[in-house]
Amino acid sequence: MSGALPPLTPPERAPSAAAASPVAASHALPSSEPAERVLRPPLRWPGYVAALLLIALLPFALKGAYWQGILVVCAMNVLLAMSLNLVIGDCGQLNLGQSAFFAIGAYVSTVLLKSHGWPFWWAVPAAILAAGALGLLLAAFAARLRGHYLGIASLGFAVIVYQVLVNWESVTQGVRGIYGIRPPPPMTLGPLGVIEFSNPAHLFYLVALIALLVYGVLDNLMRSPVGETLRSIREDEISAASLGVNPARWKAFSVGLGAAIAGLAGCFYPGFVGTLVPDAFSIVESFTMLAMVIVGGLGTRVGPVIGAVVLTFLPELLRDFGDWRLMVYGIALTLCVLFMPGGMVQAWQLVRARWARQGVH
Amino acid sequence: MAILLKTVDLRKRFGGVQAVQGVSLSVEERSILAVIGPNGAGKSTLMNLLSGVYQPDAGSLELAGHRMAGLPAHRRARLGLARTFQKIRLFRQLSLLDNVLAGAHLHHQIPLWQYALPAGRFWSDWARSRDEAMALLEFVGLAGRAGERAGALSYGEQRLLEIARALATRPRLFMLDEPAAGLNASEVGFLLERLREIRARGITLVVVEHNMDLVMNLADRVFVMDRGVPLFEGTPAAVQRESRVIEAYLGVDVNRPEVAL
């Protein structure tokens, strides 16, 4: 390790933790993580390589347009769950209106595409910016709100956006919806040939790679001082402010970036489904995203990804239950929250800790 | 010596209660001021006025010539003001190391793009901020537990961790709100030694405290408050002789200092 010693270290007089400090000497609890491990940046590329392999192989494992379509939905849900986790999990701000930003991304990109003739890949950044800007707007209005109040305000915001989509018929065509939306234009990728995004497997590759890219950026960001700052706001805003953190600015950052990512996910939805109606972005969608984040593990990196995968595939796997499907889904969700309040990631950590204690590997 | 902190006629009212009134303070650079007074004297309100948790109704306050009235807490931290809290406010779910790292918020120097894609400066900042945080944990005797969650620490250890976290902001003025509350005698001894060491490093201290052993052994000057108004200011020895102070604490006019203090 390099770097100058801080002004407060008395090198020769620094107490060796045990000898000079009665406080440190009194503890007997085992360390939950050894100091060396928290100081070393973890090795991450094997995880990314595995993720790439998994993405490459999934369309071969799940054959047929139907299941590959589910894969596309799953990749979009992963993006949405990560975007919401940034706000709720990392920054601790209750946001119940994330579906609004998904809707903005979908509508802005589609309207630019269909009514103004923009190329798809220009419409995408515009949609991201629009969703992000709206996120900043919400953050500015809600800057003084916390907890439940912020939850209600964001819910109200989603209702407003939904109503605008329904009633601004000259642009959104209201409840009649926009039809005949085409998937992203084909791409020519050298030796791989032409990638046709009307093929759900190819669209899955596109959305999944973008999701992996977003995951990587968020992963880095949350390990950087930005992550330290957001988590300090989540834990205690007054304390964070006493350390020089401007809570309003960083909350706006997380809400804005979360909105932009949801907007990005929204760009791929209309071209996949082919139609766009406001009902696709009802309030329930916000709660589904929230469920993904919570089931996976609030504030963890892989948690929301796992939560999105599980909650996308679970309803499909429950089709045999017929009319009982939604009830089984609801019960499974409730049990999950009851018995794994920290989500699947934390449950796994607990299991692993138990194994380690028993000497099983 | 230069005056670091100066307040003139600070006032704060909560509904019908005049919590702080007419507080004028001058704290010299590298000195230690203790603020004492019975419960409800307005000490914690004064701390919150100084650190920006509350804004004063009237009066001025300056840190090293910068006017602070009206500035939010995070802007005051930028001016070199750090604090701990009477009711401990650690980031309980985070590790000890992460608590202290959060205190380095103002001191990172990383090009923007490297936040998303770590490269050279990001990693040198990573190493430097962790070195500093570990040194501060070492300073309060908690380095060996850097990976544990802050919520798992004992009460006294939590107070020390809060000190380490505040020091990570590299303050000029460090305010501690009842740092010895809930500590046993040997912990108070360690705290006293650490606070002296902090002053020796050039940091000015304002300490609100009930533990008179600590106050009398540590402070250069003592500021006594009662019911929101300043009662007396002087050296520890002078305070011990002052009958008004004893009266405030005991509520009767006793002329025997050793009874009260």
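Model, not experiment: these values are computed from the prediction.

Participant: Hey, could you run me through the overall build of chain B in this one?
Facilitator: A tally of helices and strands in chain B yields eleven helices and ten strands. The C-alpha atoms of chain B give a radius of gyration of 19 Å, which matches the 18 Å a tight globule of 261 residues would have. On the principal axes, the C-alpha backbone points of chain B span a range of 65 × 40 × 40 Å. Within chain B, buried positions represent 51% of all 261 residues.

Participant: For this particular structure, what's the right way to read the overall build of chain A?
Facilitator: Looking only at helices and strands, chain A features 16 helices and two strands. Scored against the burial criterion, the 361 residues of chain A give a buried share of 44%. By sequence separation, contacts in chain A at least 24 residues apart represent 72% of the contacts at least 6 residues apart.

Participant: I keep staring at the nonpolar core and nothing clicks. Help me out?
Facilitator: Nonpolar side chains tend toward joint burial in soluble globular proteins. Membership of the largest hydrophobic core comes to 175 residues, with the highest contact counts inside it found for A:Ala75, A:Leu79, B:Leu137 and B:Ala164. When residues of this core are assigned to their parent elements, the largest contribution, 15 residues, is made by helix H4 (residues 65–90) of chain A. Residue-level mapping places this core at the junction of two domains, with at least three residues from each of domain 1 (3–80 + 171–260) and domain 2 (95–167) of chain B. Each residue touching B:Leu137, except ones within four places of it in the same chain, is listed here: B:Leu96, B:Val100, B:Leu142, B:Ala143, B:Ala146 and B:Ala164.

Participant: Would you mind showing me how to read the sheet that holds strand E5 (residues 66–67) of chain B here?
Facilitator: Note on sheets: strands pair through backbone hydrogen bonds, and any given pair is parallel or antiparallel. All names here are of chain B. The strand order E2-E1-E4-E5 describes an open sheet built from four strands, whose pairing is antiparallel. In this open sheet, the two strands that pair with only one neighbour each are strand E2 (17–28) and E5. Both strand E4 (residues 58–63) and E5 contribute to a ladder of two bridges, which runs antiparallel. Bridging from a neighbouring strand, Leu63 pairs with His66 of E5. Sheet strands in contact with helix H1 (residues 43–51) are strand E1 (3–14), E2 and E4, and its direction is about 65° off that of E2.

Participant: Help me understand the domain arrangement of chain B in this model?
Facilitator: Bring the parts together and some accessible area is lost; that lost area is often taken as the interface size. Residue and element names in this part refer to chain B. By domain assignment, chain B separates into domain 1 (3–80 + 171–260) and domain 2 (95–167). Computed from C-alpha atoms alone, the centre-to-centre distance between domain 1 and domain 2 is 28 Å. Residue-level contacts link nine residues of domain 1 with eight residues of domain 2. Broken down by secondary-structure element, the contributors of at least two residues to the side of domain 1 that touches domain 2 are helix H2 (73–78) and helix H7 (185–200). Within the side of domain 1 that touches domain 2, the residues separate by chemical class into five nonpolar, one polar and three charged.

Participant: Before we go on, may I ask you to explain the pairing of strand E8 (residues 204–208) of chain B in this structure?
Facilitator: Two faces, one strand: in a regular strand the side chains alternate between the faces of the sheet. Residues and elements named next belong to chain B. Taking burial as the measure, the five residues of E8 include five buried ones, the bulk of the element. One ladder, built from four bridges, connects strand E3 (residues 32–36) with E8; its direction is parallel. Looking across to E8, one finds that Val35 is bridged to Val208. In the sheet, strand E7 (residues 173–177) pairs with E8 via five bridges, with the strands oriented parallel. Residue pairing in the sheet places Leu176 in a bridge with Val207 of E8.

Participant: Would you mind going over H1(B) with me for this structure?
Facilitator: Side chains three or four residues apart in an α-helix point the same way, a direct result of the helix having 3.6 residues per turn. Residue and element names in this part refer to chain B. With nine of its nine residues buried, H1 lies for the most part within the structure. Among the residues of H1, Lys43, Ser44, Thr45, Leu46, Met47, Asn48, Leu49, Leu50 and Ser51 are the ones counted as buried. Backbone geometry just after H1 places Gly52 at a positive phi near 95°.

Participant: How do you make sense of H4(A) when you look at a structure like this?
Facilitator: All names here are of chain A. For H4, spanning 26 residues, the distance from its first C-alpha to its last is 36 Å, which sits close to the expected 38 Å at 1.5 Å a residue. Within H4, the axis deviates most sharply at Leu84, by approximately 30°. Positive phi appears at Gly92, one or two residues downstream of H4, with a value of about 75°.

Calculation criteria
Every residue gets a number counted from 1 within its own chain, in the order that chain's sequence is written. The lettering of chains begins at A and the numbering of ligands begins at 1, in the order of writing. Local features are withheld for residues below a pLDDT of 70 in this predicted model, meaning they are given only at 70 or higher, and side-chain atom pairs are given and counted only at 80 or more; totals for whole chains, interfaces and linings count all residues. Working definition: helices are DSSP H or I runs of at least four residues, strands are E runs of at least two. Numbering for both runs from the N terminus. Using C-alpha atoms as the atom set, the radius of gyration is obtained and then compared with a globule rule of 2.2 Å times the number of residues to the power 0.38. Three exposure classes are used, based on other C-beta atoms lying within 10 Å of a residue's own C-beta, which is placed from the backbone: buried for 20 or more, exposed for 12 or fewer, and partly exposed in between. By the criterion used throughout, residues are in contact when their C-beta atoms, derived from the backbone, lie within 7 Å. Structurally, a nonpolar core is described as a collection of buried Ala, Val, Leu, Ile, Met, Phe, Trp, Tyr and Cys residues joined by way of C-beta atoms within 7 Å. The split into domains, and so the bounds of each, comes from an automatic or database assignment of domains. The rule for pairing is simple: two strands pair if DSSP sees at least two bridges between them. To obtain each axis, a line is fitted to C-alpha atoms, and for helices this fit is confined to the stretch in contact; angles are then taken between N-to-C directions over 0 to 180 degrees. Under the convention adopted here, Pro, Cys and the residues Ala, Val, Leu, Ile, Met, Phe, Trp and Tyr are nonpolar, Asp, Glu, Lys and Arg are charged, and Gly plus all remaining residues are polar. In a helix, the anticipated span is given by 1.5 Å times the number of residues less one. Bend angle per residue: angle between axes fitted to the 7 residues ending at that residue and the 7 residues starting there.

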